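Residue-level listing of the chains:
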Amino acid sequence: MPKRILTGKVISNKADKTITVVVERKIMHPMYKKFVTKSKRFSAHDDQNKFKIGDIVNIRECPPISKTKRFEVIY
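Rules of the game
Residues numbered from 1 in each chain as written. Predicted model: local features only at pLDDT ≥ 70, side-chain atom pairs only at ≥ 80, totals over all residues. Heavy atoms only, no water. Pairing = 2+ DSSP bridges. Helix = DSSP H or I, 4+ residues; strand = E, 2+ residues; numbered from the N terminus. Axes fitted to C-alpha atoms, helices over the stretch in contact; angles between N-to-C directions. Patch = residues over 30% accessible without salt bridge, like charges linked within 9 Å, V, L, I, M, F, W, Y side chains within 5 Å. Areas by Shrake-Rupley, 256 points an atom, 1.4 Å probe, with all protein chains shown as cover. Salt bridge = Lys/Arg side-chain N within 4 Å of Asp/Glu carboxyl O. Buried < 20%, exposed > 50% of the residue type's maximum accessible area, 1.4 Å probe, protein only.

Chemist: I'd love a proper account of the sheet that holds strand β3 (residues 35-45), names of residues and values included.
Modeler: The mixed closed barrel is built from 5 strands, whose spatial order is β1-β2-β3-β5-β4. This sheet shows a mean twist of 55° between the axes of neighbouring strands, independent of strand direction. For strand β1 (residues 5-12) and strand β2 (residues 18-28), the ladder comprises 3 bridges, and the chain directions are antiparallel. Across the sheet, the residue bridging to S12 is T20, located in β2.

Pasting the structure below:
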C-alpha cells in the first residue's frame with residue numbers, strides 16, 4: 001500500500017525532534033455547493049530540528065514513532 005504524502009505548514013516546533021503541521025484541504029459542501037476549508041494537525045518527526053514556524057513541508061506516513069507521531073518530514 002502506498003504511503004500518503006501530505007503538504008502543510010509548520011505551526012509548532014517546541015518539542016524536541018517533533019513539529020506540528022497543519023494540513024488544509026478544500027471540499028465542496030454537499031448541499032450549498034460552496035468550498036469549505038478543512039484542516040487537520042499532524043505531529044511529524046524532524047530528526048535534525050531544522051524546520052521553523054511558517055515553513056511549508058511535505059510529510060510521509062511511517063510506522064509509529066511515538067504515541068502521536070505517525071509521519072516523518074521529507075523536506
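Past the structure itself, the notes keep going.
Chemist: Help me get a handle on the pairing of β2, residues and values and all.
Modeler: Counted between consecutive antiparallel strands, the loop separating β1 from β2 contains 5 residues, among which K17 sits at a positive phi close to 60°. Note: β2 against β3, 11 bridges, orientation antiparallel. Opposite T18, over in β3, you have H45 as the bridge partner. Hairpin connection, β2 to β3: the antiparallel pair is bridged by 6 residues, and K33 has positive phi, about 60°.

Chemist: How would you sum up a nonpolar patch on the surface? Please name residues and give values.
Modeler: The grouping of I5, I74 and Y75 at the surface amounts to a nonpolar patch, some 320 Å² of accessible area in total. One can find Y75 in the segment after β5 (69-73). Given a relative accessible area of 58%, Y75 falls into the exposed group.

Chemist: Let's hear about the environment of I5: which residues, and what values?
Modeler: Tracing the sequence through the fold places I5 in strand β1. By relative accessible area, which is 52% here, I5 ends up exposed. For the pair I5 and I19, spaced 14 residues apart in the sequence, the C-alpha separation amounts to 16 Å.

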